[in-house]
Amino acid sequence: MTKDFNPQNINLTKYMFYTGKGGVGKTSTACATAVTLADSGKKVLLISTDPASNLQDVFNTELNNKGVSIKEVPNLVVANLDPVQAATEYRETVIGPYRGKLPDAVLNNMEEQLSGSCTVEIAAFNEFSKFITDEEIQTKYDNIIFDTAPTGHTLRMLQLPSAWDNFISENTHGASCLGQLSGLESQKEVYKKAVATLADGALTTLVLVSRPETAPLTEAERASVELADIGVKNQMLIINGVMTSHDDKISESLFQKQQKALSDMPEKLKPIDTYLVPLRGYNVTGVENIRSLLIKDNLTVSDEIIKAHSIPGLKDVIEDLHNSNKKVIFAMGKGGVGKTTIAAAIALGLSEKGKKVHLTTTDPAAHLKYVIAETEGISMSHIDEQAELKKYQEEVLSKARETMSDDDLAYVEEDLRSPCTQEIAVFRAFAEIVEKAENEVVVIDTAPTGHTLLLLESTQSYNQEIERSKGDIPESAKKLLPRLHNADETEVIIVTLPEATPVYEAMRLEEDLRRAGINNKWWIINSSLYQTGTTNQMLSAKASNEIEWMNKVDAHANGNFAVIPWNPDEIKGESLKALLD
Amino acid sequence: MKKITIYEPAMCCPTGLCGVSVDPELLRISTVSNNLKKKGIEIERHNLTNSPMKFMTNKTVNKMINEKGVDELPFTLVDEEVAIVGRYPTNQEIADFLNISVDSFDEEPTTDK
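Residues numbered from 1 in each chain as written. Chains lettered and ligands numbered in written order. Predicted model: local features only at pLDDT ≥ 70, side-chain atom pairs only at ≥ 80, totals over all residues. Heavy atoms only, no water.

**Side note on the environment of N62 of chain B**
Residues and elements named next belong to chain B. Within the element layout of this structure, N62 appears in helix α3 (residues 59-68). A relative accessible area of 19% means that N62 is categorised as buried. Polar contacts involving the side chain of N62 include one to the main-chain carbonyl oxygen of F55, which spans 2.8 Å. (Helix = DSSP H or I, 4+ residues; strand = E, 2+ residues; numbered from the N terminus. Buried < 20%, exposed > 50% of the residue type's maximum accessible area, 1.4 Å probe, protein only. Polar contact = N/O pair within 3.5 Å; in protein donor to acceptor, adjacent residues only side chain to side chain.)

**Notes on the packing of aromatic side chains**
All names here are of chain A. According to the stated counting rule, one finds seven aromatic pairs over all chains in the structure shown. Between F17 and F128, the aromatic rings sit 6.0 Å apart at their centres with planes inclined by 65°, giving edge-to-face as the arrangement. Remark: F128 occurs in helix α5 (residues 117-133) and F17 occurs in strand β2 (residues 15-19); sequence separation between them is 111 residues. F128 carries the same exposure label as F17, and that label is buried. Judged by centre distance (5.6 Å) and plane angle (70°), the rings of F128 and F146 are edge-to-face. Remark: F146 occurs in strand β6 (residues 143-147) and F128 occurs in helix α5; sequence separation between them is 18 residues. (Phe/Tyr/Trp six-rings, centres within 6.5 Å; stacked < 30°, edge-to-face > 60°.)

**Remarks on unusual backbone geometry**
Of note, the amide linkage connecting L73 of chain B to P74 of chain B takes the cis form, showing an omega dihedral of 0°. With respect to the secondary-structure elements, P74 of chain B resides in the loop between α3 and β3 (75-78). One non-glycine residue, N325 of chain A, adopts positive backbone phi at about 60°. Note that N325 of chain A resides in the loop between α12 (314-323) and β10 (328-332). Assessed through its relative accessible area of 44%, N325 of chain A is described here as partly exposed. Backbone geometry at S527 of chain A places phi at a positive 55°, although glycine is not the residue there.

**Considering the side chain of T148 of chain A**
Residue and element names in this part refer to chain A. Along the chain, T148 falls in the loop between β6 and α7 (151-170). Residue classification places T148 among the buried positions, given a relative accessible area of 3%. For T148, the side chain forms a polar contact with the main-chain oxygen of Y18, separated by 2.7 Å.

**Here's the deal with the pattern of salt bridges**
For the structure on display, the rule yields 31 salt bridges over all chains. Between E388 of chain A and K391 of chain A there is a salt bridge, with its nearest N and O atoms 3.7 Å apart. Linking E388 of chain A with K391 of chain A, this pair stays in helix α15 (residues 385-401), spanning three residues, or about one helical turn. For K391 of chain A, a relative accessible area of 42% translates into the label partly exposed. The salt bridge involving E67 of chain B is made with K63 of chain B; its shortest N-O contact spans 3.4 Å. Of this pair, E67 of chain B and K63 of chain B both sit in helix α3, four residues apart, roughly one helical turn. K63 of chain B matches E67 of chain B in its accessibility class, with the two residues each being exposed. In this structure, a network of salt bridges that share partners links the residues E435, E438, K479, R483 and E489 of chain A. (Salt bridge = Lys/Arg side-chain N within 4 Å of Asp/Glu carboxyl O.)

**Points about helix α13 (residues 339-352) of chain A**
All names here are of chain A. Relative to the 20 Å expected for 14 residues at 1.5 Å per residue, α13 spans 20 Å between its end C-alpha atoms, a close match to the ideal helical length. Among the 14 residues that make up α13, 13 are buried, leaving the element largely enclosed by the rest of the structure. Following α13 by one or two positions, G354 has its phi on the positive side, about 100°. (Expected span 1.5 Å × (residues − 1).)

**Let's talk about the pairing of strand β16 (residues 561-565) of chain A**
All names here are of chain A. Most of β16 sits out of view: four of its five residues are buried. Strand direction decides the pairing type here: strand β15 (residues 520-528) and β16, joined by four bridges, are parallel. Paired with I524 across the strands is A562, a residue of β16. (Pairing = 2+ DSSP bridges.)

**Remarks on the nonpolar core**
Soluble globular proteins tend to bury their nonpolar side chains together. All names here are of chain A. Residues F330, F430, L484, L513 and W523 are the most contacted members of the largest nonpolar core, which totals 38 residues. The contact partners of F330, leaving out residues within four places of it in the chain, are F430, I444, T446, L484, T490, E491, V492 and I493. Membership of the second largest hydrophobic core comes to 37 residues, among which are A34, V35, L55 and I290. (Core = buried A, V, L, I, M, F, W, Y, C linked by side-chain atoms within 4.5 Å. Contact = heavy atoms within 4.5 Å.)

**Structural notes on the packing of helix α16 (residues 406-416) of chain A against helix α1 (residues 24-38) of chain B**
In contact at an axis separation of 10 Å, α16 of chain A and α1 of chain B are set at 110° when each is read in the N-to-C sense. Taken as axis vectors, α16 of chain A and α1 of chain B run roughly perpendicular relative to one another. In terms of crossing hand, the pair formed by α16 of chain A and α1 of chain B is right-handed. Residues D407, D408, Y411 and V412 of chain A of α16 of chain A form the contact with α1 of chain B, whose participating residues are L27, S30, T31, N34, N35 and K38 of chain B. Taken together, the residues of the contact of α16 of chain A with α1 of chain B break down into three nonpolar, four polar and three charged. (Axes fitted to C-alpha atoms, helices over the stretch in contact; angles between N-to-C directions. Parallel < 35°, antiparallel > 145°, perpendicular 65-115°, else oblique. Left-handed = near helix turned anticlockwise from the far one by under 90°. Nonpolar A, V, L, I, M, F, W, Y, C, P; charged D, E, K, R; others polar.)

**Considerations on the packing of helix α3 (residues 83-95) of chain A against helix α4 (residues 104-113) of chain A**
Residue and element names in this part refer to chain A. With their axes 10 Å apart at the nearest point, α3 and α4 run at an angle of 145° to one another. As for the relative orientation of α3 and α4, their crossing is right-handed in sense. Across from R91, V94 and I95 in α3, the residues of α4 making contact are L107, M110 and E111. In the contact of α3 with α4, the residues fall into four nonpolar, no polar and two charged.

**Here's the deal with the sheet that holds strand β5 (residues 73-80) of chain A**
Residues and elements named next belong to chain A. A sheet is described by the order of its strands in space; here nine strands give the open sequence β1-β9-β8-β7-β2-β6-β3-β5-β4, paired in mixed fashion. The open sheet has two edge strands, β1 (2-4) and β4 (68-70), and neither has a second partner. Neighbour to neighbour, the strand axes of the sheet diverge by 25° on average, direction disregarded. Pairing analysis gives five bridges linking β2 to strand β7 (residues 204-210), with the strands arranged parallel. Residue pairing for β7: T19 is matched across the bridge by L208.

**Quick notes on the environment of N54 of chain A**
All names here are of chain A. Within the fold, N54 resides in the loop between β3 (44-48) and α2 (55-59). Judged by relative accessible area, N54 falls into the buried class, the value being 4%. Apart from the residues lying within four places of it in its own chain, the contact partners of N54 are T27, K334, T501, E505 and R508.

**Regarding the sheet that holds β10 of chain A**
All names here are of chain A. Pairing within the open sheet is parallel, and its seven strands lie in the order β12-β11-β13-β10-β14-β15-β16. Both edges of this open sheet fall to β12 (378-382) and β16, since each of them pairs with a single strand only. Across the sheet, the axes of successive neighbouring strands diverge by a mean angle of 20°, strand direction being ignored. Sheet topology note: the strand β11 (residues 357-361)/strand β13 (residues 441-445) ladder contains five bridges and is parallel. Bridge pairing in β13 links T360 to I444. Sheet strands in contact with helix α20 (residues 500-516) are β10, β14 (490-496) and β15, and its direction is about 165° off that of β14. Of the strands in this sheet, β14, β15 and β16 are in contact with helix α21 (residues 537-556), which crosses β15 at around 170°.

Here it is in structure tokens:
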């Protein structure tokens, strides 16, 4: 059963979580829902839990984690839950009272310990649960809408209340990492309440957002199943960006591709109530466009012209990576920009030039093997968080077995079940893969920006720990940060789309990389409609609006940017070679 | 029986397993203190992250931390007297402080799990 999505005609619950693969339009549809409800007189709170949120671009307003009123939409309050900022505030509540009372060296030691990714996660999670459980917020707003990070991250966030609730219940020797939280027992009540709220279908809806394309639909199915497993059973599906007509080759192939994906809809999504949002000729930024998203199209053709004399292609980027002999190459950017395809094409290109290449992904939702097959010149791997956790637990236990009795081991096992042990396991796996750069070129397809930033963030803070640690540190971990800092070895390719949000996000990413001391030269603009020469009215309106963003990237990257045209077919296997011509 | 208190550097969990590496000393001390606890003997452990207040209120510790900073942590106090600085006590030392046999907390009868 499918109909157009109109929040006013649907009975909506108080809490709504928008989730889905990167680039499917979670933020657009969540914002449109929030604005439509607020316009109809409801009091609405919209919260982003994405570490790389772009709500501030959409509303063109500086946001914080407490909530800011939007002046064009009187009933709407928007908050941005930045985990790093939450961790900073949390750290200050712990350390603040001791400033001037304990020596600076002591405070620094505490600060370092409280800078790990455990703390970031705990702090972000605490704020998140506050928004679900706080009674004042509950009475003040009719609707509380969460625009969440791409699926992997959200699954983790929504599963945490149960994971931590179990961990606290089963833990016999004190609070472990959670000891950082003051008043653990009261936190426990908060987690319990969060779990109950998430599972209550009268209170909470999971809104799965997808494009009419195969990969995001598959991912929506995965999220649907995993979240139903932890009790979030009240679900709906929004399919965003559906084409309703076609009149040239490009628009026809897009239309056909969408129809095929929809008719091949994954089985487990079929019983879920499904709503459609049509493809629009404009970018969804600014309150005016958000208001019209669910109502009407608005075809404005831009008259801007391309400033670059010539636009490099992917092969020029590969040529440069080859000549400068880069050893560690990251593809980074917002979800849905095509990082996996581009990472695979780069691996293929370098391998054709005779390099030995290792292609890997840190994306929990990655599907490298659907894009490219292992060959003689290219080996492949995938950091699987669960498998890495198990591996790390085994390693620690086998070391502990040398000196401990079974009973003592049970005690160690308990700490190994702590939710932050996973972080350390992933970090070590990441270090091990980068270590391969000793002998081959490592191309890394990263998870969407937020996740990647947290990984780099943890690399920085773990590195400080490594420097003063007394335990056994693997060589790979010691070498990781120095290698990432070496511009002769490491290059980050920023991948974006010719649209406002992915470009803004890419610029913030570039800033973060610069702060982290990691080299970036090339930008790649993927899926350009402009380069297809479409004549369809809506698509060419979209294409004309791309020019502004191509010019911005050109200026920003000093001409070191390549453009890849939108391709109607799924690019994989042999067709990857087409990207290299 | 004498009271053992260990003042430790900032850390995440008592076994140190959340850190970037496994420190066998931390594992040992966690196990020993856990085993003693089952016998009703408690070794107090305070670390900077979880209980900075303890580093303020104990005069001896406060003086030491102000003079020496964090580099010489952990401090072990026995009945409020500084006994060991810069490392964890060995099992034998703990047994001696408590005036018990070291075997009595090494061999732990299995508990039902």
